[in-house]
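# Structural characterization, general
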Amino acid sequence: MQKGDKKEEKLEIEEQIKRKMARIKRRIAVMSGKGGVGKSTVTALLAVHFARQGKLVGVLDADFLGPSIPKLFGIERKKPLSGIDGLEPVLTPKYAIRVMSLQFMTPEGIAVIWRGPMISKVLEDFIAHTSWGNLDYLIVDMPPGTGDAPITVLQDIPLDGVIMVATPHDLAANIVERAINMARSMNTDVIGIVENMSYYRCPECGRIARFGKSTALLAKKYGLKILASIPLEESLAHYCDAGIVEEYKTDYFEGVEF
Ligand code: ADP
């Protein structure tokens, strides 16, 4: 491909992204500095929260190296169809949340082994070529960390803000702190923090064990709200593992303004 062609292709992709994002009222990304803290779980619970309010919701699984959104909704064997305005997202069974994920395109169990620039390029194509239609909310499950892939998302999607997922451990808080600084340095608003695995309620005696204060300290330091505190709970893990997160009853975001 000639240099001029490449420039034209890039402009065309930027144009497509702009056009598609203009049809979405609110675009929120869910970030964490680190994998395994529950970023995808929080993304799914947030999507279900909005869908239960009758909103039109889409989820972009931008966590290319560990895509798990389709599994949470039990749609990992589905394939997006090609429509007139790009790939049609796969609909979730209960609330028809529109989901797009690289997992739909890759054979089961096969890892994507790409370097940063390749991930960024495919991510851009992906964002540009999905037919979201009109949405009230697009929730983006961000790639973990503060590398090339999250930077691409922050640059390419005009986000209204990001939600940080933290666990109440010093190590996790230090990494989330970097993610907060990264988002802010790219002029992206940090809406607040969701603390996952905050506490554990003993199913037998009802006693609650709390795990630490690092998220509260982090929120205070950066003047951020803690939007929700989600317990470490066996049944939540079960609903996620069984692909029926839409059936999980508790809404940790009730009454929260986004
Ligand atoms: P990430 O997207 O940050 O890598 P996931 O959302 O995929 O993390 O969560 C990792 C694992 O932890 C999953 O198996 C998920 O079901 C489980 N998990 C997440 N949050 C909770 C919770 N609050 N209670 C119990 N299990 C949880």
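Presented here is a report on the structure given in the accompanying data block. Quick caveat, the model's predicted, so the values are computed rather than measured.

For the protein chain, the count of helices and strands is eight helices and twelve strands. Dimensions of the protein chain, computed from C-alpha atoms along their principal axes, come out at roughly 65 × 40 × 35 Å. Put simply, the protein chain has 258 residues, and 52% of those count as buried. Here the analysis covers contacts within the protein chain between residues at least 6 apart in sequence; of these, 78% occur between residues at least 24 apart. For the protein chain, the exposed area adds up to about 13,000 Å²; of that, 53% sits on carbon and sulfur atoms. Within the protein chain, the 32 negative side-chain charges are centred at a point lying 3 Å from the centre of the 33 positive side-chain charges.

Let us look at the site of the ligand. As a structural note, the neighbourhood of the ligand is formed by 17 residues, with Gly36, Lys39, Ser40, Thr41 and Pro231 the closest of them. A distance of 2.8 Å separates an oxygen atom of the ligand from a polar atom in the backbone of lysine 39. Between proline 231 and the ligand, the recorded distance is 2.7 Å, taken from a backbone N or O atom to a nitrogen atom. Protein chains bury 78% of the 560 Å² of accessible surface belonging to the ligand in isolation. Among the secondary structure elements, those contributing two or more residues to the shell around the ligand are α2 (39-52) and α8 (234-241). Broken down by element, the shell around the ligand gets its largest block of residues, four residues, from α8. The class makeup of the residues in the shell around the ligand is eight nonpolar, six polar and three charged.

Time to look at the packing of aromatic side chains. This structure, assessed with the given rule, holds six aromatic pairs. Between the aromatic rings of phenylalanine 253 and phenylalanine 258, the centroid separation amounts to 5.9 Å while the plane-to-plane angle is 65°, which identifies the pairing as edge-to-face. Assessed through its relative accessible area of 15%, phenylalanine 258 is described here as buried. Ring-pair connections join several aromatic residues into one group, and the members of that group are Phe50, Tyr137, Phe253 and Phe258.

Ordered by their spatial adjacency, eight strands build an open sheet running β5-β6-β2-β7-β1-β8-β9-β12, and the pairing between neighbours is mixed. A single partner strand is all that each edge strand has here, and the edge strands are β5 (90-91) and β12 (226-230). Alignment of strand β8 (residues 161-166) against strand β9 (residues 190-196), held across five bridges, turns out to be parallel. Bridge pairing links valine 165 to valine 194 in β9.

All right, on to the nonpolar core then. Leu60, Val140 and Met164 are the most contacted members of the largest nonpolar core, which totals 81 residues. Counting residues per element, this core draws most heavily on α2, at eight residues. Excluding residues that lie within four positions of it along the chain, leucine 60 makes contacts with Met100, Phe126, Ile127, Trp132, Leu138, Ile139, Val140, Asp141 and Ile157.

What counts, and where the lines are drawn
- Residues numbered from 1 in each chain as written.
- Predicted model: local features only at pLDDT ≥ 70, side-chain atom pairs only at ≥ 80, totals over all residues.
- Heavy atoms only, no water.
- Helix = DSSP H or I, 4+ residues; strand = E, 2+ residues; numbered from the N terminus.
- Buried < 20%, exposed > 50% of the residue type's maximum accessible area, 1.4 Å probe, protein only.
- Contact = heavy atoms within 4.5 Å.
- Areas by Shrake-Rupley, 256 points an atom, 1.4 Å probe, with all protein chains shown as cover.
- Lys, Arg positive; Asp, Glu negative; His and termini not counted.
- Charge placed at Lys NZ, Arg CZ, Asp CG, Glu CD.
- Near = heavy atom within 4 Å.
- Polar contact = N/O pair within 3.5 Å; in protein donor to acceptor, adjacent residues only side chain to side chain.
- Nonpolar A, V, L, I, M, F, W, Y, C, P; charged D, E, K, R; others polar.
- Phe/Tyr/Trp six-rings, centres within 6.5 Å; stacked < 30°, edge-to-face > 60°.
- Pairing = 2+ DSSP bridges.
- Core = buried A, V, L, I, M, F, W, Y, C linked by side-chain atoms within 4.5 Å.

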